Amino acid sequence: MNTKKTKTKTFEFLTLFVMVIGTVIGSGIYMKNSELLNQTNNPIIALILWSFVGVICIMSMIVFIEISSSTKHFGNGTLGNWAKIFINRKTASFFSIMYGWVYIPSTQSVFVAGAVNYLLLAIGAPITPYQQLLIYLVVGISIFITCTILSIYKRFINRKIQVAGILIKFLPLLIAFIAGFILIDKTGGTSAWWNGGIDKNTWGTNEWSPILFLGGFGGILFAFDGYVYIANAQKTATNKDVVPKALFAGMIFVAIFYVLMALSLFMGSPDGSIVKLLEKMLGGKESAAARIISNLILMSICLLGSNIFVDIAIVDLASDANNKTIYTKKRSMNYKEAGFIQLIIFIVAYTFLITIGICTTRDGWDGIGSAVGSGSIENVEELLNRPADYINWFSSGTSALVFIMVLAVMVAGVVNRFTKKVKVEQTKLFMVCGIISSFFMAIFIFFGIFAFIWEPKNIAKGEWGITESGMWFLIILVVSLTINVIVFLIQEYKFKKDPYLDGWDGEINPNIEIEDSISIKTDLIYLKNKVFKRKEN
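Just so we're clear, the structure is a prediction, and the values are computed from it rather than from any experiment.

Conventions adopted
- Residues numbered from 1 in each chain as written.
- Predicted model: local features only at pLDDT ≥ 70, side-chain atom pairs only at ≥ 80, totals over all residues.
- Heavy atoms only, no water.
- Axes fitted to C-alpha atoms, helices over the stretch in contact; angles between N-to-C directions.
- Helix = DSSP H or I, 4+ residues; strand = E, 2+ residues; numbered from the N terminus.
- Contact = heavy atoms within 4.5 Å.
- Nonpolar A, V, L, I, M, F, W, Y, C, P; charged D, E, K, R; others polar.
- Buried < 20%, exposed > 50% of the residue type's maximum accessible area, 1.4 Å probe, protein only.
- Parallel < 35°, antiparallel > 145°, perpendicular 65-115°, else oblique.
- Left-handed = near helix turned anticlockwise from the far one by under 90°.
- Salt bridge = Lys/Arg side-chain N within 4 Å of Asp/Glu carboxyl O.
- Patch = residues over 30% accessible without salt bridge, like charges linked within 9 Å, V, L, I, M, F, W, Y side chains within 5 Å.
- Areas by Shrake-Rupley, 256 points an atom, 1.4 Å probe, with all protein chains shown as cover.
- Core = buried A, V, L, I, M, F, W, Y, C linked by side-chain atoms within 4.5 Å.
- Expected span 1.5 Å × (residues − 1).
- Polar contact = N/O pair within 3.5 Å; in protein donor to acceptor, adjacent residues only side chain to side chain.

**Thoughts on the packing of helix H6 (residues 129-153) against helix H7 (residues 155-182)**
- Contact pair H6 / H7: the axes reach a minimum separation of 5 Å and the direction vectors enclose 115°. Taking contact as the criterion, the partners of Leu 150, Ser 151, Ile 152 and Tyr 153 in H6 are, on H7, Arg 155, Asn 158 and Ile 161.
- Among the residues making up the contact of H6 with H7, the classes are represented as four nonpolar, two polar and one charged.

Here it is in structure tokens:
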């Protein structure tokens, strides 16, 4: 009997441990390690930041294990719902709008634009900006629609894709991890640790200005994004006592893996990125096969990220609507409705950002007339990499806002220990971890925003001017907040005009249809009948 119980506990521990790794380790390390190197100007500083942020995220995981215990038996575990429980309903509504209507669409756009970008890099042809715009819109919107259909109508198949995606995601990481340490080039030519920089970017292990330690927080936080939701695992766990141990062990593994992975990339890749390491491993920059294979691998990773974020967006919006932090006239929302709302938001945000990214001029980009040899565009790679600038800046801005939300909920959780406002299952070391992680999370957020506006490596040289990308980051940050405030005020007006008379408690609707039985054919017939009926009238 005891042996069987021990085996069950061990199995559940390993299941949760793998779930942490599969959830947290994603596209961040693929897309942000090279960016981190450019911001810190020193691979050693970058490794120190990876380590430090990892430790703080491990400590904050302990905080969210206690916070999430408030929704173990009812409700759902979203930032919006936790904010409603620990702070108040209006704050929760503001957070829900920020997360579902601003942050997720921007992050989803990063993955979709990344998939298209890697596809174009795999092709490797000097495609004109006008042609790029058509490809980005047609292919990008098709990806949005496909992911939404899978999430709404084929959830069972979608889950299988996501499970298989974990293997697809980790295989290149494992190969790159080993290859990085094998392909070390101490002569400096093809290893970021020794080459002093590549193309127009420079770095080195002798760059030790204290200001350089302020760069890179935004990219690292993006790599750890989503870890707070893992704490929800205790809601469905059979052996509740193994949950904290498994989540804690999983986060320790993730933090160590990120540091070692970054070290491998700095040792073996010319610029600290996986794509350049894979190119080097497969035959070098001049090899067409290396270029195609490495970029197609990264395209697949972005497609998987897009699929997962569409699913998250739909579940999150439906959950928040049913928990009364998002207004709905009928007081509930199913996955189909949430999916189509999110699809519209995604398409509008993505189309706008990619259009201005290609059509407007800025430093190093001449708008729709850009070509290799014009301005500062020296090669095909630079021509193909610039269209998604605004999407990347928008995503960076909204990532900072989301971690402000995370911080607010963490602080509210710590305060709750004194006020006893919310009933929770107290976690060991909560207060120590809560105070320390909240303090440093605030520092990470502040300097993450600071580093996007004033690049630390420029300040280290005595150049305090706001960079063009920093200016656009600031503008987009303000625009994001403005959109959020406008939607929030409209929603509050709706709440006032059409009040929820049965209170604000809310609960995830158990009748939401999530089975793999919703029919596309039925919906198309219904839509057709609706359209033709209107025409007859």
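**Digging into helix H9 (residues 217-224)**
- With respect to burial, H9 is a largely interior element, eight of its eight residues being buried.
- Among the residues of H9, those classed as buried are Phe 217, Gly 218, Gly 219, Ile 220, Leu 221, Phe 222, Ala 223 and Phe 224.

**Some remarks on the packing of helix H12 (residues 288-322) against helix H13 (residues 335-359)**
- At a closest axis distance of 8 Å, the pairing of H12 and H13 adopts a crossing angle of 120°. Viewed along their axes, H12 and H13 adopt a mutual orientation that is oblique. As H12 packs across H13, the resulting crossing turns out to be right-handed. Across the interface between the two elements, Val 310, Ala 313, Ile 314, Val 315, Leu 317 and Ala 318 from H12 touch Tyr 335, Ala 338, Gly 339, Ile 341, Gln 342 and Phe 346 from H13.
- Per-class residue counts for the contact of H12 with H13 are ten nonpolar, two polar and no charged.

**So, the pattern of salt bridges**
- Under the defined criterion, the tally for this structure stands at seven salt bridges.
- With its nearest N and O atoms 3.8 Å apart, the salt bridge here joins Glu 279 to Lys 276. Here Glu 279 pairs with Lys 276, and both are found in helix H11 (residues 274-282), just three residues apart, close to one helical turn. Summarising the burial analysis for this pair, Glu 279 and Lys 276 share the class buried.

**Looking at a nonpolar patch on the surface**
- A cluster of nonpolar residues, Ile 466, Met 471, Leu 474, Ile 475, Val 478, Val 479 and Ile 483, forms a patch on the protein surface that exposes about 520 Å² of accessible area.
- With respect to the element layout, Ile 475 can be found in helix H18 (residues 468-497).
- Judged by its relative accessible area of 34%, Ile 475 falls in the partly exposed class.

**Quick look at the environment of Leu 383**
- Relative to the assigned elements, Leu 383 resides in helix H14 (residues 380-385).
- Excluding residues within four positions of it along the chain, Leu 383 makes contact with Pro 126, Ile 127, Gln 132, Trp 365, Ser 370, Ala 371, Val 372 and Ile 377.

**Remarks on the nonpolar core**
- Counting residues in hydrophobic clusters, the biggest one holds 143 residues, and the most contacted among them are Trp 50, Leu 173, Phe 224, Tyr 258, Tyr 350 and Ile 354.
- In terms of residue count, the dominant contributor to this core is helix H5 (residues 89-123) (17 residues).
- Not counting the four nearest positions on each side in its chain, Ile 354 is found in contact with Leu 133, Tyr 136, Leu 137, Pro 387, Ala 388 and Ile 391.

**Considering helix H3 (residues 43-68)**
- End to end, H3 covers 36 Å across 26 residues, agreeing with the expected 38 Å (1.5 Å per residue, within 8%).
- Most of H3 sits out of view: 21 of its 26 residues are buried.

**Quick word on the side chain of Ser 273**
- Assignment of secondary structure puts Ser 273 in the loop between helix H10 (242-268) and H11.
- Owing to a relative accessible area of 8%, Ser 273 belongs among the buried residues under this scheme.
- Of note is the side chain of Ser 273, whose polar atom sits 2.7 Å from the side chain of Asp 271.
- Those residues in contact with Ser 273 that sit more than four places away from it in its chain are Ser 34 and Leu 265.

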